[in-house]
Amino acid sequence: MVSSLVWLASRRDLGWRRRRFVIAVGAITLVLALTLLLSGFRDGIDVETARTVKAMGGDVFVVREGVSGPFTTVSQLDDDVAEVVAAAPGVRRADPIVGVRHAIESAPVTDVYLIGTRPGGLGIPAVRHGRAPQASGETVLDSRAGRKIGDRVRLGGRDFTVVGLVDGVSVWAGLPTMFVTIADAQALVFGGAPAATAVVATGRPGSLPQGLRALDVSQAKADLKRPLANAITTIDLLRFFLWIVAAAIVGSVLYVSALERSRDFAVFKAFGTASADLVGTLVVQAFVLSAVSAGLAVVVSRLLSGLFPSVISFPARTLVVLPLVALAVGLVGSLAGARRAIVVDPASAFGGP
Amino acid sequence: MADLRVRGLVVEYAMGGQPVRPIDGLDVHAPGGALVLLLGPSGSGKTTLLSCLAGLLSPTKGEITFGDIEVSNLGPKDRTGYRRNTVGIVFQAFNLVPSLTAAENVMAPLLAAGVKKAEASTRAATLLERVDLDARAGHRPGELSGGQQQRVAIARALVHDPPLLLADEPTAHLDHTQVDGVLAILAGLISSERVIVIATHDDRVLGLGTQVVDLGHRDGDS
């Protein structure tokens, strides 16, 4: 059982070296906030991908055989394939879409993911502000494009009027979507040919004509997310290294503290304090440092998340995992100081100042 | 009433590749009520002997017994218990923990031994009153004079009423007015239930001793 000396000595030492601990808390808070933001960015990719795919309203996405998915490869299908798919057993409705990366040329130049859909068909999310495009030259933009209803934008040499806005329908870490009629998309991408890049369908097709392949929602999400695979790996590595940085800060602060307290530790040992209690004082301090920093990091990361153009998601599990990981980091960080406390020779309490 | 016995004590260690024997064949017998003064120049082994008596250092040869405790044969855990319950130590440089108040410094050994905080606090208050520092109980060491710090250190050493009190140069860092106060306290601690061992260079302490161990003489005995 931990003696009350552990709590007393830990608390008093935290107060005694409060400036150093405040600086350490500040540094650890920033590191953890950055870790949280990276985690939020990482989770945001999943959230964004799921939201966008769901917003298109399909249960399956039909593409040409050999094509990796509906979002990442431009492979031409005749748009009447949609009728073939719609006629397949288990399918309730099917509509062609044209999806391709493009850019609004009118200032400010804005990269978008262009999706052409049939008016009233699948592939376009519910429009909360304004209405869906019904005629040529009309578009619905994701609010991240920074346009408002009534604005005119130019894309691929054609002018469009913004008739509606959607929120949170973006791809690839914040790239806004732009919805136009499929005829306009065909004109932009296929020179007006009646073609599509995929068919969005509701229901589950029992079988499809040869040369076609159906991807379910999870496969579609994987396809949409795949271009970010390297970025996600990089983020995961950065998060890992940031945890190490946090542990290093905790460790260096506590190790320096343990060095400075060597004489105190020797004195404590000389009057019969167990080494475990001395280690306990450092562990308590590590936990306090980590827990306070983790709490502040949650607040700071929330405040900073609004500055980022991409989706930053903070799932509830993060709030559970962060303190636990932070405490583990604190524990690891305290090891060097703890070792120092254990090896202090109590006989060194004798001697001059 | 516990006697302190040291028989054939040898402490040897290597320094610069050469063996050094600060203590070589020392015998001491101090009955309860004794105040033993350890004299000798720097390097003569006074602090080494105190470390051995405190159970902080294992002798190379010989034995130390205090009452029925064979100090030199104690294992690490029993040594911790011995220091916690039997020995009180007053250090040369006071060695108070700077982040703790005077009262908390006195309480610390009791808290380490698992005594409840309220009980430890009461005991600390009693001892600080005994060394005339009850008014400074809430002050940190940095807010106390050298003499006051040494009196707090003495109170800390006495907090569990140890039958063996060891003091290493207790007047070394005090001016003459502070020395008088500390000596008066030490004199008041002499009791048949206790053995006090003081390592000192200070002639003013000599009057307190009931016996002297001069470690300056290599064949020295009590």
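Since the model is a prediction, treat every value here as computed from it, not as a measurement. (Residues numbered from 1 in each chain as written. Chains lettered and ligands numbered in written order. Predicted model: local features only at pLDDT ≥ 70, side-chain atom pairs only at ≥ 80, totals over all residues.)

In terms of regular secondary structure, chain B is built from six helices and nine strands. Taking 17 Å as the expected radius of gyration for a compact globule of 222 residues, we find that chain B reaches 17 Å, a close match to that expectation. Projecting the C-alpha coordinates of chain B onto the three principal axes gives extents of approximately 50 × 40 × 40 Å. A burial count over chain B gives 50% of its 222 residues as buried. Sequence separation of at least 24 residues holds for 70% of the intrachain contacts in chain B that already meet a minimum separation of 6. (Helix = DSSP H or I, 4+ residues; strand = E, 2+ residues; numbered from the N terminus. Rg over C-alpha atoms; globule rule 2.2 N^0.38 Å. Buried ≥ 20, exposed ≤ 12 C-beta atoms within 10 Å, placed from the backbone. Contact = placed C-beta atoms within 7 Å.)

What follows deals with the interface of chain B and chain A. In this complex, chain B contributes 28 residues to the contact, which on the side of chain A involves 25 residues. Those elements giving two or more residues to the side of chain B that touches chain A turn out to be helix H1 (46-53), helix H2 (76-85) and helix H3 (102-112) of chain B. By residue number, the principal contributor to the side of chain B that touches chain A is H3(B), which donates five residues. Grouping the amino acids of the side of chain B that touches chain A by side-chain chemistry returns 15 nonpolar, eight polar and five charged. (Nonpolar A, V, L, I, M, F, W, Y, C, P; charged D, E, K, R; others polar.)

Of all residues in chain B, 97% have pLDDT values of 70 or greater, and the mean over the chain is 90. Under the prediction, the complex receives an ipTM of 0.86, its pTM being 0.78. (pLDDT = per-residue confidence, 0-100.)

A word on helix H5 (residues 217-225) of chain A. The complete set of buried residues in H5(A) reads Ala220(A), Asp223(A), Leu224(A) and Lys225(A). In the core, the buried residues of H5(A) are packed alongside helix H2 (18-55), strand E1 (60-64), strand E9 (170-171) and strand E13 (212-216) of chain A.

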